[in-house]
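Summary of the model geometry
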Amino acid sequence: MPLRLAVLLVLLGIVAAEDPYRFFNWNITYGTIYPLGIAQQGILINGQFPGPEIYSVTNDNIIVNVFNSLDQPFLIHWNGIQNRRNSYEDGVYGTTCPIPPGGNFTYILQMKDQIGSFFYFPSLGFHKAAGAFGAIKILSRPLIPVPFDNPTDDFSVLIGDWYTSNHTDLKAVLDKGNKLPFPDGILINGRGPNVTSFTIQQGKTYRFRICNVGLQNSLNFRIQGHKMKVVEVEGTHTVQVSYSSLDIHVGQCMSVLLTADQQPQDYYIVVSSRFTTPVLSTTGFLRYAGSNRPASGPLPGGPTIEVDWSLNQARSIRTNLTASGPRPNPQGSYHYGMINTTRTYRLSSSAGQVANKQRYALNSVSFIPADTPLKVADYFKIDGVFRVVSDSPTGGGIYLDTSVLGADYRAFVEIVFESTEDIVQSYHLSGYSFFVVGMDGGKWTSDSRAQYNLRDAVSRCTVQVYPMSWTAIYVALDNVGMWNLRSEFWARQYLGQQTYLRVYTTSTSLRDEYPIPKNALLCGKASGRRTRPL
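Residues numbered from 1 in each chain as written. Predicted model: local features only at pLDDT ≥ 70, side-chain atom pairs only at ≥ 80, totals over all residues. Heavy atoms only, no water.

**A word on the overall build of the protein**
Scanning the protein from N- to C-terminus turns up five helices and 33 strands. Computed over C-alpha atoms, the radius of gyration of the protein comes to 22 Å, within 12% of the 24 Å expected from 2.2 N^0.38 for 534 residues, which places it in the range of a compact globule. The C-alpha extent of the protein, read off along each of the three principal axes, is 65 × 55 × 50 Å. For the protein, long-range pairs separated by at least 24 residues make up 78% of all intrachain contacts whose partners lie at least 6 apart in sequence. Accessible area for the protein stands at about 20,200 Å²; split by element, carbon and sulfur atoms hold 51% of it. Charge separation in the protein, taken as the distance between the mean sites of 45 positive and 39 negative side-chain charges, equals 3 Å. (Helix = DSSP H or I, 4+ residues; strand = E, 2+ residues; numbered from the N terminus. Rg over C-alpha atoms; globule rule 2.2 N^0.38 Å. Contact = heavy atoms within 4.5 Å. Areas by Shrake-Rupley, 256 points an atom, 1.4 Å probe, with all protein chains shown as cover. Lys, Arg positive; Asp, Glu negative; His and termini not counted. Charge placed at Lys NZ, Arg CZ, Asp CG, Glu CD.)

Written as structure tokens, this is what we have:
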């Protein structure tokens, strides 16, 4: 199998021969899991829940051969992996035809110019509520300096809210036009309360890569008696600040360093929901090696509904300007604040009814998938699959459409996410890392730019928007493709709160965009066509 895949890569001609390859064969199956003590149907990868971790180094070529043994079509999305010049591999329905039951597809990814902490998950329907998610680590190349000493160990911590209902039942609730009930609990690495533990040694320092892989709720993470020093957020080395607890919004990841500087015993790890009534919580353990003393004392308290607390913490997380990123040059050498933006997109979320069914929207447009992935339709020049819509709020009622935002390759743009709703949301933009230049309460106006951070704003791929608030980002559109821009509140995404950013160029040069993969699956109006000759 590895030899056959290697030959395929040579034919594709889309990866650099000098960069290492890492091969994965994944079989996607159903299986019974008990994350909250109740039997339910999970989606497993090679029999595992959560799925296997992807360990890689900057510029590695990651080859994942996925066999779909489910009775439904299936796709995996690589949250935060930019898939430079190659949105066909993004693994969402707007770019990639699903893997049919009994079929397989080989994803060809390159961790091009990336470092950091990310994750993957199934993107179709409500599969995300059944599993098939896992951690992605991208380490710096050996000669690239990292702004902290090598930790003794490097732990992945996947946290998220969870339902005990089957994913098909949850999807049916939404398809009938109803809202989902409140989640049943919170998981740490796929396990419920008092199961997950991490063993450390006195005096050593450890890295914890924490990702919120849940379905809707922001979570607060804390460890009894220990400070956590934030060092990396979704591929950006940050100014190193220590916190007692951290808000991690749905879809987000961050790395912290923890030093084992307390008396040897067990300590509670607590994860609790933010901005909810009631408050969900779960516990795990930090165990000092060689100690038999159990965790004791009250659980460490954390914030519950305080928005200002979370907003101030978010503003305190900034880019380390002198640290190297995936390349040896300092992260601060890109002076984003000195570049004039060429366009402003204002995206306002809304909720409402369409034909007596619950829907969610951006600028009044509630997205509906087409029968053909938008990127595939673009490649074959198939008309009538999607429509370019307004980049500003229209003020009208919600309507259904397959919406796309037009964008020019190499433009430098501003995107403002606006919320008039009383919930916390988070948004993800595939294919990019963007600068979070501002966030505040109230209505955004052009005067809001006066408070932008134009020097050391953190660069990431998923950002939160607080209730009745706005968040502004700057993006350099240097990655041609069709890129999903979505709410990470998964029910809202499923019911229309998403769109695609079509970053377009007339160039056909491989320097700008790779052609459709030779092994691409074709569906909808593209069925029966050929990808390209060998």
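**Some remarks on the state of the cysteines**
Summed over all chains, the structure comprises two disulfides. With its sulfur 2.2 Å from that of its partner, C97 forms a disulfide with C523. Here C97 and C523 share a disulfide; its torsion about the S-S bond, -85°, makes the bridge left-handed. In this pair, C97 is assigned in the loop between β5 (76-79) and β6 (104-110) and C523 in the segment after β33 (498-504), connecting sequence segments 426 residues apart. A single burial state applies to C97 and to C523, both of which are buried. (Disulfide = S-S within 2.5 Å. Buried < 20%, exposed > 50% of the residue type's maximum accessible area, 1.4 Å probe, protein only.)

**Structural notes on the pairing of strand β28 (residues 434-441)**
Extensive coverage of β28 is indicated by the burial of six of its eight residues. Relative to strand β29 (residues 459-460), β28 is paired through two bridges, and the arrangement is antiparallel. Looking across to β29, one finds that F434 is bridged to R460. As defined by bridge partners, β28 adjoins strand β31 (residues 469-476) across six bridges and the pair is classed as antiparallel. (Pairing = 2+ DSSP bridges.)

**Points about the sheet that holds β5**
Within the open sheet, the four strands sit side by side as β3-β8-β7-β5. Their pairing is mixed. Edge positions in the sheet fall to β3 (54-57) and β5, since each of these pairs with one other strand and no more. Pairwise comparison of adjacent strand axes, ignoring direction, gives a mean angle of 20° for this sheet. Two strands pair when backbone bridges link them, and β5 and strand β7 (residues 116-122) are joined in this way by four bridges, in the antiparallel orientation. Of the residues in β7, the one forming a bridge with W78 is Y120. (Axes fitted to C-alpha atoms, helices over the stretch in contact; angles between N-to-C directions.)

**Some points on the packing of aromatic side chains**
Tallied over the full model, the rule gives 28 aromatic pairs. The interplanar angle of 20° and the centroid separation of 6.1 Å between the aromatic rings of Y21 and F23 together place this pair among those described as stacked. An angle of 85° between the planes, with centres 6.2 Å apart, marks the rings of F126 and Y494 as edge-to-face. Pair noted here: F126 is in the loop between β7 and β8 (134-139) and Y494 is in helix α5 (residues 490-494), with a separation of 368 residues, a long-range link. If you follow K128 out to its NZ or CZ, it ends over the ring of F121, 4.5 Å from the centre. Lying over the aromatic face of W490, K128 brings its terminal NZ or CZ to 4.8 Å of the ring centre. (Phe/Tyr/Trp six-rings, centres within 6.5 Å; stacked < 30°, edge-to-face > 60°. Lys NZ or Arg CZ within 6 Å of the ring centre and 35° of its normal.)

**As for the sheet that holds strand β2 (residues 40-45)**
One open sheet accounts for four strands, arranged β2-β1-β4-β6; its pairing is mixed. Edge positions in the sheet fall to β2 and β6, since each has one partner strand and no second. When the angles between neighbouring strand axes are averaged without regard to direction, this sheet yields 20°. Where strand β4 (residues 61-68) and β6 come together, seven bridges link them in antiparallel fashion. The residue of β6 that forms the bridge with V64 is Y107.

**Details of the pattern of salt bridges**
Across all of its chains, the model carries 25 salt bridges by this definition. Across the salt bridge formed by D154 and K137, the nearest N and O atoms sit 3.5 Å from each other. Residue D154 is located in strand β9 (residues 154-162), and its partner K137 is located in strand β8; the two are separated by 17 residues in the primary sequence. Each member of the pair, D154 as well as K137, carries the same accessibility label: buried. Linking R315 and D440 is a salt bridge whose minimum nitrogen-to-oxygen distance equals 3.3 Å. Here the residue R315 occupies a position in helix α3 (residues 307-316), and D440 occupies one in strand β28, the gap between them amounting to 125 residues. What makes R315 partly exposed here is its relative accessible area of 39%. For D440, a relative accessible area of 25% corresponds to the partly exposed category. (Salt bridge = Lys/Arg side-chain N within 4 Å of Asp/Glu carboxyl O.)

**Points about the environment of N340**
Within the fold, N340 resides in the loop between α3 and β20 (343-354). Note: C-alpha distance between N340 and G524 (184 residues apart in sequence) is 41 Å.

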